[in-house]
Amino acid sequence: MANKSKFKNILVIEDNHAILDVITLVLQSEAYKVAGLNKSVDMMKHIDDFKPDLMILDIMLPDGDGRELLGQLRNNQKTANIPVLMISAKYTSETIQQNTTYKPNGFLAKPFDIDDLLDKIEGILAGKTY
């Protein structure tokens, strides 16, 4: 029986299919298990089913704002401790820090470098914040 704790589950919520595909392929190649959503509507159900170790959350979604979703996660006992890496083409880490009640564990501006993405994910899973 393989050591199951080695594989981390990552839930990605990103409405751009190309970006979602790239993130999914890259993470799968690094032996992460990935579930991708292109909108936030069933987020809590997916979290219940998939039990992510980390979430990658786009800020601008067709049916929601990633910052509000982060608030929902942090206000729910079951999801309060799931680490979140936020991504955005429009915002910077400075604007996120200023305009957000809840701080993500990390932030990455799009377009991003794949190595940066992987470094941040590894760091966040190890308990770091960026």
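Residues numbered from 1 in each chain as written. Predicted model: local features only at pLDDT ≥ 70, side-chain atom pairs only at ≥ 80, totals over all residues. Heavy atoms only, no water.

## Overview of the overall build of the protein
At step 1: The helix and strand tally for the protein stands at five helices and seven strands.
At step 2: For the protein, the N- to C-terminal ordering of α and β elements is β-α-β-α-β-β-β-α-β-α-β-α.
At step 3: Since a compact globule built from 130 residues should have a radius of gyration of about 14 Å, the 14 Å found for the protein is in line with a globular shape.
At step 4: Principal-axis analysis of the C-alpha atoms gives the protein an extent of 45 × 35 × 30 Å.
At step 5: Taken over 130 residues, the protein has a buried fraction of 45%.
At step 6: A fraction of 60% describes how many contacts in the protein between residues 6 or more apart in sequence connect residues 24 or more apart.
At step 7: Accessible area for the protein stands at about 7100 Å²; split by element, carbon and sulfur atoms hold 50% of it. (Helix = DSSP H or I, 4+ residues; strand = E, 2+ residues; numbered from the N terminus. Rg over C-alpha atoms; globule rule 2.2 N^0.38 Å. Buried < 20%, exposed > 50% of the residue type's maximum accessible area, 1.4 Å probe, protein only. Contact = heavy atoms within 4.5 Å. Areas by Shrake-Rupley, 256 points an atom, 1.4 Å probe, with all protein chains shown as cover.)

## A word on the packing of helix α1 (residues 17-29) against helix α5 (residues 114-125)
At step 1: Running from N to C, α1 and α5 cross one another at 60°; their axes reach a closest spacing of 11 Å. Relative to α5, α1 is oriented oblique. Handedness of the α1/α5 crossing: right-handed. When α1 is examined against α5, the residues V22, I23, V26 and L27 are found in contact with a partner set consisting of I114, L117, L118 and I121. (Axes fitted to C-alpha atoms, helices over the stretch in contact; angles between N-to-C directions. Parallel < 35°, antiparallel > 145°, perpendicular 65-115°, else oblique. Left-handed = near helix turned anticlockwise from the far one by under 90°.)

## Focus: the side chain of D58
At step 1: Summarising the element assignment, D58 is placed in strand β3 (residues 54-58).
At step 2: Only 3.3 Å separates the side chain of D58 from the side chain of K110, close enough to count as a polar contact.
At step 3: With residues near it in sequence (within four places) discarded, D58 still touches I13, E14, D15, G66, I87, S88 and K110. (Polar contact = N/O pair within 3.5 Å; in protein donor to acceptor, adjacent residues only side chain to side chain.)

## Overview of helix α2 (residues 43-50)
At step 1: Taken residue by residue, α2 has M43, I47 and F50 as its buried positions. Projected onto a plane normal to the axis of α2, the buried residues spread over an arc of 85° and lie on a single side. Seen from the buried face of α2, the exposed residues on the opposite side, beyond 90 degrees, are K45 and D49.
At step 2: On its buried face, α2 sits against β1 (9-13), β2 (33-37), β3 and α3 (66-74).
At step 3: Of the residues trailing α2, K51 is marked for its positive phi of about 50°. (Arc of directions from axis to C-beta.)

## Focus on α1
At step 1: An ideal rise of 1.5 Å per residue puts 18 Å on 13 residues; α1 measures up with 18 Å between its terminal C-alpha atoms.
At step 2: Burial in α1 covers these residues: L20, I23, T24, V26 and L27.
At step 3: Elements that come into contact with the buried residues of α1 comprise β1, β2, β3, β6 (84-88) and α5.
At step 4: Looking at where α1 begins, the residue whose side-chain oxygen comes 2.9 Å from the main-chain nitrogen of A18 is N16.
At step 5: A31 sits one or two positions beyond α1 and adopts a positive phi of about 70°. (Expected span 1.5 Å × (residues − 1).)

## As for the side chain of D65
At step 1: Positionally, D65 belongs in strand β5 (residues 64-65).
At step 2: Here the side chain of D65 touches R67 through a polar contact of 2.6 Å, side chain to side chain.

## Points about the environment of L125
At step 1: Examined against the element boundaries, L125 turns out to sit in helix α5.
At step 2: Expressed as a C-alpha distance, the spacing of L125 and D53, which sit 72 residues apart in the sequence, is 7.5 Å.
At step 3: Every residue in contact with L125, bar those within four places of it in the chain, is listed here: K8, Y32, D53 and L54.

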